[in-house]
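# Residue-level structure breakdown
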Amino acid sequence: MCIRDKKAKSPGPSHIPFRDLWKKIWNAPTHTRIKHFLWRLANNILPTKLRLRQKGIELEETCYLCQREAESAFHLFSQCDFTRRVFFASVLGYHFSEIDDLNDWLLAMLSNNNVCFVQVTCYLLHHIWKACNLKLYEQKRCDPVRVAMDAWDAVMEINLHTPTRAKDAGHARINTISAPADEFHTVRVDAGLGENDVMTFGCVIMDQNKIPIVSLCKRENCISNPGLAECLALRWSIETAAKLNIHKVIFHSDAKAMVDCVNGVTKDASFEMVAEDFRILMKSFSNSCIMFIPRKFNYQAHDLAQLAKSMG
């Protein structure tokens, strides 16, 4: 077994250095089943391929999600390319630095003062594990953006049924962690409808460190509806990013129905034609995707769209 896999193993609950981790796990603002999952992860008893081989079960040990290395808990939850793409595509925008010990990293993530940050971390890890099993047992294709979106939906659902928890999460802004200089730009876009058949658009373009570098808004006199306005706003933001010669970009929109249609998650006749148009436009980038972001995290683009209503 390699040194990193040995480090990924955790002592039992009675081991003093890890008492803080056990406390963080059992006090995490999440569902009990997620806490049990995290406890099993910290104890290195999840049935990963490498773990099963150590138990004498004969099977091929390559990771199902990246097909590169042996599937240990350390690899699956910190080194796997799929996992890293999921965390970066999430609302955390998280980029993994060098990790030597999985439990030390997990303790640091669960110790964050932002309730929403902790919740998203917990559900991202759990949904990555689910994605691994879906690919193993049902041969389902796993998409990092979809996994990140599903994890966020789970966070919203648990907060919906826990009012006090929803209040804490609702007022907490996620402290995003920077990606390296050769990673993705972020474009957040929103649309609105004003009086006299006026559509307004707002767009914020952020660099690889999530620092805004371009803020734009515009208005158009056109008979429209909210869905079409969101589509035109997204098209405008894609064209703007292309003109700026941005090569790697993630577009964020709070129009979930449109985003799901573009990503092939659902079919909606009202978005299908523009969805195909978006897919063609996205080919101008070397790497890009469109993902949903809740309105409260899209406040900059939303405010710009509202500002456009007062423009002459």
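All values derive from a computational prediction rather than experimental measurement. Starting from 1, residues in each chain are numbered consecutively following that chain's sequence as written. Totals for whole chains, interfaces and linings use every residue, but because this is a predicted model, local features are given only for residues with pLDDT of at least 70 and side-chain atom pairs only at 80 or more, for both listing and counting. Calculated side-chain values reflect all of the structure's heavy atoms, with hydrogen atoms and water omitted.

## A closer look at the pairing of strand 1 (residues 185-194)
Note the threshold: Each residue gets one of three labels from its accessible area relative to the maximum for its type: buried under 20%, exposed over 50%, partly exposed in between, using a 1.4 Å probe on protein chains only. Here a strand is any run of E in DSSP of at least two residues, a helix any run of H or I of at least four, and the numbering for each starts at the N terminus. Strand pairing is assigned whenever DSSP identifies at least 2 bridges connecting the two strands.
Most of strand 1 is tucked away, with 8 of its 10 residues classed as buried. Sheet analysis places strand 1 next to strand 4 (residues 248-253), joined by 5 bridges and oriented parallel. Counterpart to Arg188 in the pairing with strand 4 is His252. Here strand 1 runs beside strand 2 (residues 198-206); their pairing, made up of 9 bridges, is antiparallel. Across the sheet, Gly194 pairs through a bridge with Val198, a residue of strand 2. The hairpin formed by strand 1 and strand 2 contains 3 residues between the paired strands, and Asn196 there has a positive phi angle of roughly 60°.

## Comments concerning the nonpolar core
Soluble globular proteins: nonpolar side chains tend toward being buried together. To be explicit about the condition: The set of buried Ala, Val, Leu, Ile, Met, Phe, Trp, Tyr and Cys residues whose side-chain atoms join them within 4.5 Å is what this entry labels a nonpolar core. Any two residues whose heavy atoms approach within 4.5 Å at even a single point are treated as in contact.
In terms of nonpolar packing, the biggest core is built from 91 residues, with Phe77, Phe87, Trp105 and Phe251 touching the most fellow members. Ranked by residue count, the leading element in this core is helix 8 (residues 115-138), at 12 residues. Apart from residues lying up to four places away in sequence, Trp105 is in contact with Phe77, Phe87, Tyr94, Phe96, Ile99 and Leu125.

## Details of the confidence of the model for the chain
Heads up, the condition is: What pLDDT reports is the predictor's confidence in each residue, on a scale of 0 through 100.
Predicted confidence across the chain gives a mean pLDDT of 81, with 86% of residues reaching 70 or more. Contacts of residues 1-14 to residues separated by more than four positions or lying in other chains number 31 contacts, the stretch itself having pLDDT below 50. Every residue in residues 164-182 scores below 50 in pLDDT, and together they form 46 contacts with partners more than four places removed in sequence or on other chains.

## Quick notes on helix 11 (residues 226-243)
Owing to its 3.6 residues per turn, the α-helix brings residues three or four apart onto one side. Here is the rule: The length a helix should cover is 1.5 Å for every residue beyond the first.
With 18 residues, helix 11 extends 26 Å between its outermost C-alpha atoms, agreeing within 8% with the 26 Å of an ideal straight helix rising 1.5 Å per residue. Here helix 11 has its buried residues at Ala229, Glu230, Cys231, Ala233, Leu234, Trp236, Ser237, Ile238, Thr240 and Ala241. With its phi angle positive at about 60°, Asn245 sits one or two positions after the end of helix 11.

## Here we look at the pattern of salt bridges
As a reminder of what qualifies: Salt bridges are defined as contacts in which a side-chain nitrogen from Lys or Arg sits within 4 Å of a carboxyl oxygen from Asp or Glu.
Applying the stated criterion across every chain, the model contains 13 salt bridges. Among the salt bridges present, the one from Asp150 reaches Arg146, with a minimum N-O distance of 2.9 Å. Placement of the pair is Asp150 and Arg146 together in helix 9 (residues 144-160), with a separation of 4 residues, close to one helical turn. With a relative accessible area of 17%, Arg146 lands in the buried category. Linking Glu220 and Lys218 is a salt bridge whose minimum nitrogen-to-oxygen distance equals 3.0 Å. Lys218 sits in the partly exposed class, given a relative accessible area of 23%. Taken together, the salt bridges that share partners define one network made up of Arg146, Asp150, Asp153, Lys256 and Asp260.

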